[in-house]
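The primary structure of each chain is shown beneath.
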Amino acid sequence: MFSILLLLIPTISAKATVKKTVVGVSSAFIERSGSTTLSVFISSDEKIAGGSFDIHYNPEQLRINASDVKMTDTLSEYLSVGGSDASGKISISFAKASGSVIDGTVMEVKATVLSAGYGNINNLILENTELYDGQGKRITTQLINGQIKPFVGKESTHSNAVTVDKPWLITVSRPYNPATLNTSAVTLKRGSTDFPIELEVVNDRQFRVKPIGSYIRSTYTLEITDQLRSINGAKLNEPVRLKFKVN
């Protein structure tokens, strides 16, 4: 079982170094019909010269228009194209003469949920994924599919108000893949608005979540989804939400 064990004040420990190439689509929790924004990301320490992949979804459950798909600056050095050119599919391809390390969001997708409610799961499935290095060799890649669904997981509330720069140390039950540690897997919200965070690998079972800048007086929700994977690719046993206040 791969699960969150503790949320603690940071300690000092040796850093993990293992990293694998990951292509993923973020997940989102939504209780009813409405819109949500998803990110498509690549995280790797290998030099990638090009690649392509498709994301398939059920158009009876989700509506995604061509104008709802935006490329980010992460692939600005590449000749790239991406978008939704057919109902039920989003595609992206990119290439350049030499490889570079890619670690970030390559595309943002606004999805309108047509089917929601308890038990409904809207899947976004990666297919036809190919990444290559500068010599044309295919790069072994772990895929993380996305989902839009109601939240079913562990929820807790921190008992006391925290300081304006409070960091959180997360401990998991098994070694995690640091390539899956990103803002698709870990988010912080002030109300319904995303709050910027920095994620730091501490060791193979711990990572630190720190605010970028200072919190302001409000209620926050720290959320960890099953986008975080173990070294062997296992999902978290259940997502986690921690609510806390800053006075």
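Residues numbered from 1 in each chain as written. Predicted model: local features only at pLDDT ≥ 70, side-chain atom pairs only at ≥ 80, totals over all residues. Heavy atoms only, no water.

(A) Quick look at the pairing of strand S7 (residues 79-86). Alignment of S7 against strand S8 (residues 89-113), held across six bridges, turns out to be antiparallel. Bridge pairing in S8 links leucine 79 to alanine 95. (Pairing = 2+ DSSP bridges. Helix = DSSP H or I, 4+ residues; strand = E, 2+ residues; numbered from the N terminus.)

(B) Quick look at the environment of valine 246. The topology assignment puts valine 246 in strand S19 (residues 240-246). For valine 246, a relative accessible area of 1% corresponds to the buried category. Sequence-wise, valine 246 and glycine 88 are 158 residues apart; in three dimensions their C-alpha atoms are separated by 42 Å. The residues contacting valine 246, other than those within four sequence positions of it, are Val162, Thr163, Val164, Tyr215, Ile216, Arg217, Ser218 and Tyr220. (Buried < 20%, exposed > 50% of the residue type's maximum accessible area, 1.4 Å probe, protein only. Contact = heavy atoms within 4.5 Å.)

(C) Geometry of the sheet that holds strand S12 (residues 154-157). If you walk across this open sheet you meet the five strands as S12-S19-S18-S14-S15, and the pairing is mixed. Each end of this open sheet is capped by a strand with a single partner; those strands are S12 and strand S15 (193-194). In this structure, strand S14 (residues 186-190) lies alongside strand S18 (residues 218-224), joined through five bridges in antiparallel fashion. Within S18, the residue paired with arginine 190 across the bridge is tyrosine 220.

(D) View of the environment of alanine 185. With respect to the element layout, alanine 185 can be found in the loop between strand S13 (168-172) and S14. Taking the C-alpha atoms as reference points, alanine 185 and threonine 171, separated by 14 residues in sequence, lie 14 Å from one another. Ignoring sequence-local partners within four residues, the contact set of alanine 185 consists of Thr180, Glu223, Ile224, Thr225, Gln227 and Leu228.

(E) Region of interest: the nonpolar core. Residues Phe53, Phe94 and Val106 are the most contacted members of the largest nonpolar core, which totals 30 residues. Secondary structure elements with two or more residues in this core: strand S2 (22-25), strand S4 (34-57), S8 and strand S9 (122-132). Among the elements that make up this core, the one with the highest residue count is S8 (nine residues). Among residues more than four places away in sequence, those in contact with phenylalanine 53 are Val23, Val40, Ile42, Ile90, Ser91, Ile92, Val106, Leu126, Glu127, Asn128 and Thr129. By size, the runner-up hydrophobic cluster in this structure holds 25 residues, among which are Ile4, Ile170, Tyr215 and Val240. (Core = buried A, V, L, I, M, F, W, Y, C linked by side-chain atoms within 4.5 Å.)

(F) Quick peek at the pattern of salt bridges. Considering all chains together, one arrives at seven salt bridges under this definition. Residue glutamate 200 pairs with lysine 210 through a salt bridge whose shortest N-O separation is 3.4 Å. Here glutamate 200 is found in strand S16 (residues 197-203), whereas its partner lysine 210 is found in strand S17 (residues 206-211), with 10 residues between them in sequence. Judged by relative accessible area, lysine 210 falls into the partly exposed class, the value being 25%. One salt bridge in this structure joins arginine 241 and glutamate 223, with 2.6 Å as the shortest N-O distance. Note that arginine 241 is positioned in strand S19 and glutamate 223 in strand S18, a separation of 18 residues in sequence. The exposure classification of arginine 241 matches that of glutamate 223, with both residues buried. Each member of the salt-bridge network shares a partner with another, and the members are Glu155, Glu223 and Arg241. (Salt bridge = Lys/Arg side-chain N within 4 Å of Asp/Glu carboxyl O.)

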